[in-house]
Amino acid sequence: MTELTAANLRSLFQAIGDAIEADKGRLSELDGVIGDADHGVTMSIGFTAVNEALGKLDPGADPTTVFNTAAKSFLNAVGASSGPLYGTAFMRAGAAVKGKATIDRDALADCIAAMAKGMQDRGKAERGEKTMMDAWLPAADAIQAAKARGDGAVACLGAALAAAAEGAEATKAMLATKGRASRLGERALGHIDPGAASAVTILKAMTEAVRKL
Ligand code: ADP
Ligand code: MG
């Protein structure tokens, strides 16, 4: 990959949608243990809406418009907690690439960092509270560190993915203090947070899609 075009960004959303669709059952099962068993369904509804809206978008739309369209359609389609979290994340990613015709390695790292920051501003969860932030915040730190080391885009995303996977695994040992799982107390121990798991699915799909470009 040299730089992602707006068309590449659309295909990235398609790849994420396909990966979420394939992982839907597992994500809802994870949510069934510590939440209300809908996380796979909510994420699938969200990305289906995103890809439908992107399908109708002017082919010449720039990356910011692609992200803003994704943000609005995800937010409108998803009533669950993940709706406003990903809605804000995509809106911030759009702002991070404002005025750019393409997304290079640095802008890609900035997008991931802006997404994580946006989610945290919106949901107010800190690291260690057993939420998707336990995957997205380490991913953002790792991609910024990889960028600073001079890694290429695929290696940068690979670093974010590895950090997110480690963070998601670590949620097993956490008590939830935000979201539905916070009602469970110690019964949430031993189980991966579904939002952290879907963050890994998203980053994996992104890494694989960018590797193929
Ligand atoms: P709901 O909990 O409304 O059913 P989902 O099932 O789609 O929504 O998403 C659940 C996930 O949302 C949780 O696994 C957790 O990762 C994430 N989550 C919940 N509240 C917050 C928050 N305040 N900040 C970040 N993530 C959160
Ligand atoms: Mg749920």
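Residues numbered from 1 in each chain as written. Chains lettered and ligands numbered in written order. Predicted model: local features only at pLDDT ≥ 70, side-chain atom pairs only at ≥ 80, totals over all residues. Heavy atoms only, no water.

Re the side chain of Thr-131
Stated formally: The numbering of helices and of strands both runs from the N terminus, where a helix is a DSSP run of H or I of at least 4 residues and a strand a run of E of at least 2. N or O atoms closer than or at 3.5 Å make up a polar contact, with two conditions inside protein: a donor-capable atom paired with an acceptor-capable one, and, for residues adjacent in sequence, both atoms drawn from side chains. Contacts are residue-level and defined by heavy atoms, with any inter-residue pair within 4.5 Å sufficient.
Following the sequence through the fold, Thr-131 ends up in the loop between helix H5 (105-123) and helix H6 (133-149). Only 3.0 Å separates the side chain of Thr-131 from the backbone nitrogen of Met-133, close enough to count as a polar contact. Excluding residues within four positions of it along the chain, Thr-131 makes contact with Ala-125, Thr-171, Lys-178, Asp-193 and Ala-196.

A short note on the site of ligand 1
Put simply, the rule is: Proximity is defined per residue: if any heavy atom of the residue lies within 4 Å of a molecule or strand, that residue is considered near it. Gly is put with the polar residues, along with every residue not named as nonpolar or charged; the nonpolar set is Ala, Val, Leu, Ile, Met, Phe, Trp, Tyr, Cys and Pro, and the charged set is Asp, Glu, Lys and Arg.
Taken together, 20 residues lie near ligand 1, and Thr-42, Ser-81, Ser-82, Met-132 and Asp-193 sit nearest. Between Met-132 and ligand 1, the recorded distance is 2.8 Å, taken from a backbone N or O atom to an oxygen atom. A distance of 3.0 Å separates an oxygen atom of ligand 1 from a polar atom in the backbone of Gly-195. For the shell around ligand 1, the secondary structure elements donating two or more residues are helix H2 (39-56), helix H4 (82-96) and helix H8 (194-212). When the residues that make up the shell around ligand 1 are grouped by side-chain class, the tally is six nonpolar, eight polar and six charged.

Section: the pattern of salt bridges
The condition that has to hold: The salt bridge definition used is simple: a Lys or Arg side-chain nitrogen within 4 Å of an Asp or Glu carboxyl oxygen. Per-residue accessibility, obtained with a 1.4 Å probe over protein chains only, is compared with the maximum for each type, and a residue is labelled buried under 20%, exposed over 50%, and partly exposed between these values.
Under the counting rule described, the total for this entry stands at twelve salt bridges. For the salt bridge of Lys-117 with Asp-121, the shortest nitrogen-to-oxygen distance reads 3.0 Å. With Lys-117 and Asp-121 both in helix H5 and four residues apart, this pair spans about one turn of that helix. A salt bridge links Glu-169 to Lys-172, with the shortest nitrogen-to-oxygen separation between them at 3.0 Å. You can call Glu-169 partly exposed: its relative accessible area is 43%. Among the charged side chains, a network of salt bridges with common partners joins Arg-92, Lys-117 and Asp-121.

Details of H8
This is how it is decided: The span one expects for a helix is its residue count, reduced by one, times 1.5 Å.
In this model, H8 (19 residues) spans 27 Å end to end at C-alpha, consistent with the 27 Å of a helix rising 1.5 Å per residue. For H8, the tally of buried residues reaches 15 of 19 residues, placing the bulk of the element in the interior. For H8, the capping residue at the N-terminal end is Asp-193, with a side-chain oxygen 3.1 Å from the backbone nitrogen of Gly-195.

Section: the packing of H2 against H8
To be explicit about the condition: Axes here mean lines fitted to C-alpha atoms, for a helix over just the part in contact, with angles spanning 0 to 180 degrees between N-to-C directions. Orientation is classified from the angle alone, with under 35 degrees giving roughly parallel, over 145 giving roughly antiparallel, 65 to 115 giving roughly perpendicular, and any other angle giving oblique. Handedness of a helix crossing follows the sense of rotation of the near helix relative to the far helix, less than a right angle counterclockwise being left-handed and clockwise being right-handed.
One can describe the packing of H2 onto H8 by two numbers: an axis separation of 10 Å at closest approach and a directional angle of 40°. As far as their axial angle goes, H8 and H2 are oblique. The two elements H2 and H8 meet at a crossing, and its hand is right-handed. Each of His-39, Met-43 and Phe-47 in H2 lies in contact with H8, whose residues at this interface are Pro-194, Gly-195, Ser-198 and Ile-202. Residue composition of the contact of H2 with H8, by class: four nonpolar, three polar and no charged.

Looking at the environment of Ala-113
Summarising the element assignment, Ala-113 is placed in helix H5. Ala-113 sits in the buried class, given a relative accessible area of 18%. Expressed as a C-alpha distance, the spacing of Ala-113 and Met-132, which sit 19 residues apart in the sequence, is 14 Å. Ignoring any residue separated from it by four or fewer positions in sequence, one finds Ala-113 in contact with Ala-140 and Gln-144.

Don't take any of this as a statement about function, it's just geometry.
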